[in-house]
Amino acid sequence: MGDVAPPGGMLYFEDHVVGSVWEFGSILVDEKEMIAFAKQYDPQVFHADPEAAKKTAFGGLIASGWHTGCLAMRLIVEHRLSHVANFGSPGIDEVRWWKPVRPDDVLSVRLTIVETRRSQSKPDRGIVKSLIEVLNQSGEVVMSWKGTNIVRCRNHA
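Remember, predicted model here, so these are calculated numbers, not experimental data. (Residues numbered from 1 in each chain as written. Predicted model: local features only at pLDDT ≥ 70, side-chain atom pairs only at ≥ 80, totals over all residues. Heavy atoms only, no water.)

1. Some words on the environment of His156
Part 1 of the reasoning: Along the chain, the position of His156 falls in the segment after strand E5 (141-152).
Part 2 of the reasoning: Here the alpha-carbon distance between His156 and Asp124, two residues 32 residues apart in the chain, equals 5.0 Å. (Helix = DSSP H or I, 4+ residues; strand = E, 2+ residues; numbered from the N terminus.)

In structure tokens, the structure reads:
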């Protein structure tokens, strides 16, 4: 695990320290959920049809990258985002899908704080930039992105 955080998602801007690395969560990639997600949002054959997926370059069913991102986001909300000071995100950059995610994989997240700065226009908040890496059960990075969050400051001075 990474550094010790205040309990219960009570993180403020000051609690995000550049260089801190956090590893957390585990979530099972359920085949039925994968297929249901794909059929609704990303109906490519290698995501939505187990039999047809066998004939693709992947040799079987893989999760939509968007589904993988949603699973990771669940872990981030449960384990890292502040429940008292998070103002949301203006966006993410450099989304990458490095390896296929398959049914019954177990995913976790590694989050590294890469930059923090106080907002000049709104001094009650700061900007936190992080590298998010989604790992499978073998510790391989399957997805990554760089995220930005706006977080309320504990101290407004």
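2. Brief notes about the packing of aromatic side chains
Part 1 of the reasoning: Here the structure, examined in full by the defined rule, presents 3 aromatic pairs.
Part 2 of the reasoning: Taking the centre distance of 5.0 Å and the plane angle of 80 degrees together, the rings of Trp66 and Trp97 count as edge-to-face. Of this pair, Trp66 sits in helix H4 (residues 65-79) while Trp97 sits in strand E2 (residues 91-97), and the two are 31 residues apart along the sequence.
Part 3 of the reasoning: Given the relative accessible area of 52%, Trp66 is considered exposed. (Phe/Tyr/Trp six-rings, centres within 6.5 Å; stacked < 30°, edge-to-face > 60°. Buried < 20%, exposed > 50% of the residue type's maximum accessible area, 1.4 Å probe, protein only.)

3. Overview of unusual backbone geometry
Part 1 of the reasoning: Despite not being glycine, Glu94 has its phi angle at roughly 55 degrees, a positive value.
Part 2 of the reasoning: Within the fold, Glu94 resides in strand E2.

4. What about the layout of surface pockets?
Part 1 of the reasoning: Its volume calculated, the largest pocket comes out at about 390 Å³.
Part 2 of the reasoning: Every residue lining the largest pocket is counted, 26 residues in all, and those nearest its centre are Met73, Ile76, Leu81, Trp145 and Asn149.
Part 3 of the reasoning: Broken down by element, the lining of the largest pocket gets its largest block of residues, 6 residues, from E5.
Part 4 of the reasoning: Looking at side-chain class alone, the lining of the largest pocket contains 15 nonpolar, 10 polar and 1 charged residues.
Part 5 of the reasoning: For the second largest pocket, the calculated volume is near 170 Å³.
Part 6 of the reasoning: Along the walls of the second largest pocket sit 16 residues, with His47, Ile62, Ala63, Gly65 and Trp97 positioned nearest its centre.
Part 7 of the reasoning: When contributions to the lining of the second largest pocket are tallied by element, the ones reaching two or more residues are helix H2 (45-48) and H4.
Part 8 of the reasoning: Residue composition of the lining of the second largest pocket, by class: 9 nonpolar, 5 polar and 2 charged. (1 Å grid on protein atoms, 1.4 Å probe; cavity = no way out; pocket = protein on both sides within 12 Å on 5 of 7 lines; lining within 4 Å. Points joined across faces, edges and corners; volume = space filled by probe spheres on them. Nonpolar A, V, L, I, M, F, W, Y, C, P; charged D, E, K, R; others polar.)

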